[in-house]
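Chain by chain, the residues:
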Amino acid sequence: MSAESVSVEGVIRTLPETPMVDVMAGASRIEQRVLDHGFVALVDCMPRMAPEGKTADYSIVQAARVSYGEGTKQVSEDRGLVRYLLRHRHTTPFEMVEFKFHVAMPIFVARQWIRHRTANVNEYSARYSIVPDRFYRPTPESIRAQSQSNRQGGDGCVDAGTAEEFLALLERAEGLYKDYMQFTEKGVARELARTALPVSVYTEWYWKCDLHNLFHFLALRMDPHAQHEIRVYADAMYQLVKPIVPISCEAFEDYRLGSMQLTRLEVEAIRTGAALATTNKREIAEYEEKRERLGLAKPR
Ligand SMILES: Cc1cc2nc3c(=O)[nH]c(=O)nc-3n(C[C@H](O)[C@H](O)[C@H](O)COP(=O)(O)OP(=O)(O)OC[C@H]3O[C@@H](n4cnc5c(N)ncnc54)[C@H](O)[C@@H]3O)c2cc1C
């Protein structure tokens, strides 16, 4: 069926060649629970409609074809083009897709998250409204010990006694909520009263981001080096967007998430079989990790 154009007083409305279907299958919200009281919900996306038989990936292809020409319109060709674009970091077509999420997360997670500046954010106002009584408490088994190799990470678990004491400390911190409420009732402004609450308290926001920048966020926050408490949100978001842009996600896994970057020194060392030309211990350890992943023998 060919496209039909309707012109009324100079305004041309083109009707789709094939019927358009909702990429969220009619849902107003698709939610995943995260941590103890958190969630991440996909509430909207652009494009919201795609031609029947296609996914929202189609709008990436549509934008790219402005630069590459029409070519063939087969789905298999679309996949090849999306993969080419992602592989070659031709990023702007991926900005044509956007996702809007409603998220509830502890404030210490929100602090890491807000560093991603390329999203649009609107957060719950604790100046305007009372903060809800919701605090993050890890399960006893997930109370990590300080990593000895990475100053910024956790590794393994603390012993049961320490875990119990730590949970008691969190409970005492949560007890400040009662005082917070008391002082708001006594007339202290909510914008000041909230300063008594710990960073384990939950906040909420709407977060909208295009696919290019979402992939950047996900690559950083799904990485094992990211803190567990933000990683679980990134994992949940990825599961929400994957059915909507499956071709882009497959390319993201192949060319970004599961890929590896080699430095010039590493390329040289692999090519010549010599040791890495540095004395930096961290760099050498990273090189050894990469060699192991590549199935190469330990360097001489
Ligand atoms: C494991 C991990 C550990 C971290 N540790 C720390 C830490 O100890 N301390 C700390 O402060 N931060 C830390 N961060 C945060 C990190 O430094 C970045 O701020 C965060 O990951 C956001 O990355 P980004 O700036 O690339 O993302 P975005 O803000 O989403 O930006 C995306 C890209 O847009 C461009 N861009 C955006 N805004 C600008 C701008 N104003 N000027 C120029 N280019 C711009 C850049 O190319 C950028 O890469 C950590 C992050 C991770 C993942």
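Structural notes, computed from the coordinates.

What counts and how
Within each chain, residue numbers correspond to sequence positions counted from 1 in written order. Side-chain atom pairs in this predicted model are given and counted only at pLDDT of 80 or more, local residue features only at pLDDT of at least 70, and totals for whole chains, interfaces and linings cover all residues. Note that the side-chain values use all heavy atoms of the structure and ignore hydrogens as well as water. Secondary structure counts use DSSP, requiring at least four H or I residues in a row for a helix and at least two E residues in a row for a strand, with both numbered from the N terminus. The atom set for the radius of gyration is the C-alpha atoms, and the globule formula is 2.2 Å times the number of residues raised to the power 0.38. Exposure classes here rest on a 1.4 Å probe applied to the protein chains alone. A residue is buried below 20% of its type maximum, exposed above 50%, and partly exposed in between. What makes two residues a contact is simply this: any of their non-hydrogen atoms within 4.5 Å. Computed with the Shrake-Rupley method and a 1.4 Å probe, the accessible areas treat only the protein chains shown as cover for residues. Nonpolar cores were defined as sets of buried Ala, Val, Leu, Ile, Met, Phe, Trp, Tyr and Cys residues, with membership established by side-chain atoms within 4.5 Å. Throughout this description, a polar contact denotes any pair of N or O atoms lying within 3.5 Å of each other; where both atoms belong to protein, one of them has to be capable of donating a hydrogen while the other can accept it, and for residues adjacent in sequence the pair is counted only when both atoms sit in side chains. A molecule or strand has a residue near it when one of that residue's heavy atoms lies within 4 Å. When residues are sorted by character, Ala, Val, Leu, Ile, Met, Phe, Trp, Tyr, Cys and Pro go into the nonpolar class, Asp, Glu, Lys and Arg into the charged class, and all the rest, Gly among them, into the polar class. In this scheme Phe, Tyr and Trp rings, the latter by its six-membered ring, pair at centre separations within 6.5 Å, and the angle between planes marks the pair as stacked below 30 degrees, edge-to-face above 60, and tilted otherwise. Working rule for helices: expected span equals 1.5 Å times residues minus one. Salt bridges are defined by distance alone: a side-chain nitrogen of Lys or Arg within 4 Å of a carboxyl oxygen of Asp or Glu.

The next subject is the overall build of the protein chain. Broken down by element type, the protein chain carries 11 helices and 11 strands. A globule of 300 residues ought to have a C-alpha radius of gyration of about 19 Å, yet the protein chain, at 24 Å, is considerably larger. Counting only C-alpha atoms and orienting by the principal axes, one finds that the protein chain spans roughly 70 × 65 × 25 Å. Taking all 300 residues of the protein chain together, the buried fraction comes to 35%. Contacts spanning at least 24 positions in sequence make up 67% of the contacts within the protein chain whose residues lie at least 6 apart. Entry remark: accessible area of the protein chain is about 18200 Å², with carbon and sulfur atoms responsible for 52%.

This next bit is on the nonpolar core. Phe99, Phe101, Trp113, Trp207, Leu214 and Leu218 are the most contacted members of the largest nonpolar core, which totals 56 residues. A total of 8 residues in this core trace back to one element, the largest contributor, which is helix 8 (residues 228-241). When near neighbours in sequence (up to four residues on either side) are disregarded, Trp207 contacts Phe99, Lys100, Phe101, Trp113, Ala119, Asn120, Val121, Leu214, Phe217 and Met237. If you look at the next biggest cluster of nonpolar residues, it comprises 8 residues, including Val131, Ala193, Leu197 and Val201.

Position of Lys100 relative to the elements: it lies in strand 7 (residues 98-106). For Lys100, a relative accessible area of 32% corresponds to the partly exposed category. Taking the C-alpha atoms as reference points, Lys100 and Ala41, separated by 59 residues in sequence, lie 8.5 Å from one another. Beyond its immediate chain neighbours, meaning those up to four positions away, Lys100 contacts Ala41, Leu42, Val43, Asp44, Tyr206, Trp207 and Lys208.

Following the sequence through the fold, His116 ends up in the loop between helix 3 (107-113) and strand 8 (120-123). Residue classification places His116 among the buried positions, given a relative accessible area of 11%. Only 2.9 Å separates the side chain of His116 from the side chain of Arg221, close enough to count as a polar contact. Dropping the residues within four chain positions of it, His116 is found in contact with Phe217, Leu220 and Arg221.

Attention shifts here to the site of the ligand. Lining the immediate surroundings of the ligand are Arg115, His116, Arg117, Thr118, Gln152, His216, Leu220, Arg221 and His225. Side-chain polar atom of Thr118 to an oxygen atom of the ligand: 2.8 Å apart, as the coordinates give it. One of the side-chain nitrogen or oxygen atoms of His216 is found 2.6 Å away from an oxygen atom of the ligand. Burial of the ligand by the protein chains amounts to 49% of its free accessible area of 940 Å². A breakdown of the residues in the shell around the ligand according to their chemical character gives 1 nonpolar, 5 polar and 3 charged.

So, about the packing of aromatic side chains. Following the criterion strictly, the structure yields 12 aromatic pairs and no others. Both rings, one in Trp113 and one in Tyr233, keep their centres 5.6 Å apart while their planes meet at 65°; by these two values the pair is edge-to-face. Of the two residues, Trp113 is situated in helix 3 and Tyr233 in helix 8; the sequence distance between them amounts to 120 residues. Per residue, the accessibility class of Trp113 equals that of Tyr233, and both read buried. Clustering of aromatic rings is evident, with ring pairs tying together Phe99, Phe101, Trp113, Trp205, Trp207, Phe217 and Tyr233.

A rise of 1.5 Å per residue sets the reference length of helix 9 (residues 246-257), with its 12 residues, at 16 Å; its end C-alpha atoms lie only 14 Å apart and thus fall more than 12% short of the reference. Restricting attention to buried positions, one finds in helix 9 the residues Ile247, Ser248, Cys249, Ala251 and Phe252.

Applying the stated criterion to the full structure yields 18 salt bridges. Its salt-bridge partner being Asp44, residue Arg48 comes within 3.1 Å of it at the nearest N-O pair. Here Arg83 ties to Glu250 by a salt bridge, and the two come within 3.4 Å at their closest N and O atoms. Within this pair, whereas Arg83 is found in helix 2 (residues 75-87), its partner Glu250 is found in helix 9, the two being separated by 167 residues in sequence.

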